[in-house]
Amino acid sequence: TTLIDDLASDPRSLHLYLLRKTSPRGPSLVAHHTLLLIDQFEELFTLCRDEFEREAFIDNLLTAVSPISSHREDKRNVTLVITLRADFYAHLAQYPDLRDAVAGHQEYIGPMTTEELRRAIEEPAKREHWEFEPGLVDLILRDVGDEPGALPLLSHALLETWKRRAGHMLTLKGYADAGGVRGAIAHTAESVYQNLSPEDQVIARNLFLRLTELGEGTEDTRRRASFDELMSQAEDADHVRTVLNRLAEARLITVGEETAEVAHEALIREWPTLREWLNQD
């Protein structure tokens, strides 16, 4: 609590805290190097409503990694790594020093290739001596396809398949009984939806209806919609964006700079609740 209070009052607070934790206590000791990792940096913009608090946090981060002195005791032996969703990238422009720091040291992480997905499936299993029934990994990769929001669905499908394993073997039957990647997205969607408040459930329902293109003699498909289109006059825009962000974090939808769309068309086909909404609409 003391550190939190200090962060709000002095941009040097984080640096001084790390210095006390890592500085050498004698000439024979080697100075430590601190790696500070901040995941889901977009929550600085989605959850923090206090602009002063946000700026104080950013100032502390930048001070902690900016060398300002040649004195040994004041060297910045800190590396900062942040992960930020691509659709929040434009938010950095509001903070020039942060924007410049990111611009000079950025790595854009794109979707995984098929080979990378295969390694993500097989290698952890090999380390723990689990095996896949022949053909199962290829089937999983076909079901995942190239959908940008499929990775957490893959994770869920693998977990449910593992729960239905036969000894040390993950089987085709276990995968089918778990519902596969397609069944996983329906399970995930229903779980996220049921954990929303009644008010947020209404907003979520409206969002999914606006993000679905009803087929005329063909299957219903996903459609991309602008944020402006997703905000009705009867709804509070900030509240809608909060729900939108919850759905994006669950990878049920993917968002661009000013647009959103359903992450995987299997969601439209396989989620019974959404099918019911579409039939009623």
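Keep in mind that what you see is a predicted model, and the values were worked out from it rather than measured.

K.L.:
Just checking my understanding: could you explain the sheet that holds strand β7 (residues 225–226) for this structure?
P.N.:
Whenever strands of a sheet pair, they do so through backbone hydrogen bonds, lying parallel or antiparallel. Pairing within the open sheet is antiparallel, and its three strands lie in the order β7-β9-β8. Lying at the two open borders of the sheet, with one neighbouring strand each, are β7 and β8 (253–255). Pairing geometry for β8 and strand β9 (residues 259–262), over three bridges, is antiparallel. Looking at the pairing, valine 255 lines up with alanine 260 of β9.

K.L.:
Would you explain the side chain of threonine 212 in this entry?
P.N.:
Positionally, threonine 212 belongs in strand β5 (residues 212–213). Within the local environment of threonine 212, its side chain forms a polar contact with the backbone oxygen of phenylalanine 208, the two atoms lying 2.8 Å apart. When neighbours within four sequence positions are excluded, threonine 212 is seen to be in contact with Asp220, Thr221, Arg223, Ile268 and Leu278.

K.L.:
Please explain the packing of helix α8 (residues 151–163) against helix α10 (residues 180–194) as it appears in this structure.
P.N.:
When two helices pack together, their arrangement is given by the angle between the helix axes and by the axis-to-axis distance. The N-to-C vectors of α8 and α10 enclose an angle of 105°; their axes lie 8 Å apart at closest approach. Taken together, the axes of α8 and α10 lie roughly perpendicular to each other. Note on element contacts: α10 touches α8 through Gly180, Val181, Ala184, Ile185, His187 and Thr188, opposite Leu153, Leu154, His156 and Ala157.

K.L.:
Sorry if this is basic, but what is going on with the pattern of salt bridges here?
P.N.:
Two side chains bearing opposite charge may form a pair once their charged atoms approach each other closely. Counted under the stated rule, the structure contains 12 salt bridges. One salt bridge connects arginine 118 with aspartate 138, and the closest N-O pair in it is separated by 2.7 Å. Highlighted residues: arginine 118 in helix α6 (residues 114–127) and aspartate 138 in helix α7 (residues 136–144), separated in sequence by 20 residues. Owing to a relative accessible area of 38%, aspartate 138 belongs among the partly exposed residues under this scheme.

K.L.:
Help me out: how do you make sense of the packing of aromatic side chains in this one?
P.N.:
One pair of aromatic rings is described through two measures. These are the centre distance and the angle between the planes. A complete count under the given rule lists eight aromatic pairs for this structure. For the pair tyrosine 193 and tryptophan 277, a centre-to-centre distance of 5.1 Å together with 70° between the ring planes defines the contact as edge-to-face. Taken together, the residues tyrosine 193 in helix α10 and tryptophan 277 in helix α15 (residues 272–280) connect sequence positions 84 residues apart. Take tryptophan 277: its relative accessible area is 6%, and that puts it in the buried class. Ring centres of phenylalanine 208 and tryptophan 271 lie 5.4 Å apart, and the angle between their planes is 75°; on these two criteria the pair is classed as edge-to-face. In this pair, phenylalanine 208 is assigned in helix α11 (residues 198–210) and tryptophan 271 in the loop between α14 (266–270) and α15, connecting sequence segments 63 residues apart. Judged by relative accessible area, which is 1%, phenylalanine 208 ranks as buried. The class for tryptophan 271 is buried, based on a relative accessible area of 1%. Three or more aromatic residues link up through ring pairs in this structure, and these residues are Tyr193, Phe208, Trp271 and Trp277.

K.L.:
So what exactly am I meant to see when it comes to the packing of α11 against α15 here?
P.N.:
One way to put it is that α11 packs onto α15 with a least axis distance of 10 Å and a crossing angle of 75°. Compared by their axis directions, α11 and α15 come out roughly perpendicular. Contacts from Arg205, Phe208 and Leu209 of α11 reach α15 at Leu274, Trp277, Leu278 and Gln280. Within the contact of α11 with α15, the residues separate by chemical class into five nonpolar, one polar and one charged.

K.L.:
Just to check I follow, could you spell out the layout of surface pockets for this structure?
P.N.:
Unfilled space is identified by rolling a water-sized probe across the atoms. Volume-wise, the largest pocket comes out at about 1,800 Å³. Along the walls of the largest pocket sit 49 residues, with Thr83, Leu84, Arg85, Ala86 and Ile109 positioned nearest its centre. Mapped onto the lining of the largest pocket, the elements with two or more residues apiece are α4 (51–65), β2 (78–82), α5 (96–104), α6, α8, α13 (237–249) and β8. Looking at the lining of the largest pocket residue by residue, the class counts come to 26 nonpolar, 12 polar and 11 charged. Thr46, Phe88, His91, Arg241 and Asn245 are, among the 22 residues lining the second largest pocket, the residues nearest its centre.

About the cut-offs
Residues numbered from 1 in each chain as written. Predicted model: local features only at pLDDT ≥ 70, side-chain atom pairs only at ≥ 80, totals over all residues. Heavy atoms only, no water. Pairing = 2+ DSSP bridges. Helix = DSSP H or I, 4+ residues; strand = E, 2+ residues; numbered from the N terminus. Polar contact = N/O pair within 3.5 Å; in protein donor to acceptor, adjacent residues only side chain to side chain. Contact = heavy atoms within 4.5 Å. Axes fitted to C-alpha atoms, helices over the stretch in contact; angles between N-to-C directions. Parallel < 35°, antiparallel > 145°, perpendicular 65-115°, else oblique. Salt bridge = Lys/Arg side-chain N within 4 Å of Asp/Glu carboxyl O. Buried < 20%, exposed > 50% of the residue type's maximum accessible area, 1.4 Å probe, protein only. Phe/Tyr/Trp six-rings, centres within 6.5 Å; stacked < 30°, edge-to-face > 60°. Nonpolar A, V, L, I, M, F, W, Y, C, P; charged D, E, K, R; others polar. 1 Å grid on protein atoms, 1.4 Å probe; cavity = no way out; pocket = protein on both sides within 12 Å on 5 of 7 lines; lining within 4 Å. Points joined across faces, edges and corners; volume = space filled by probe spheres on them.

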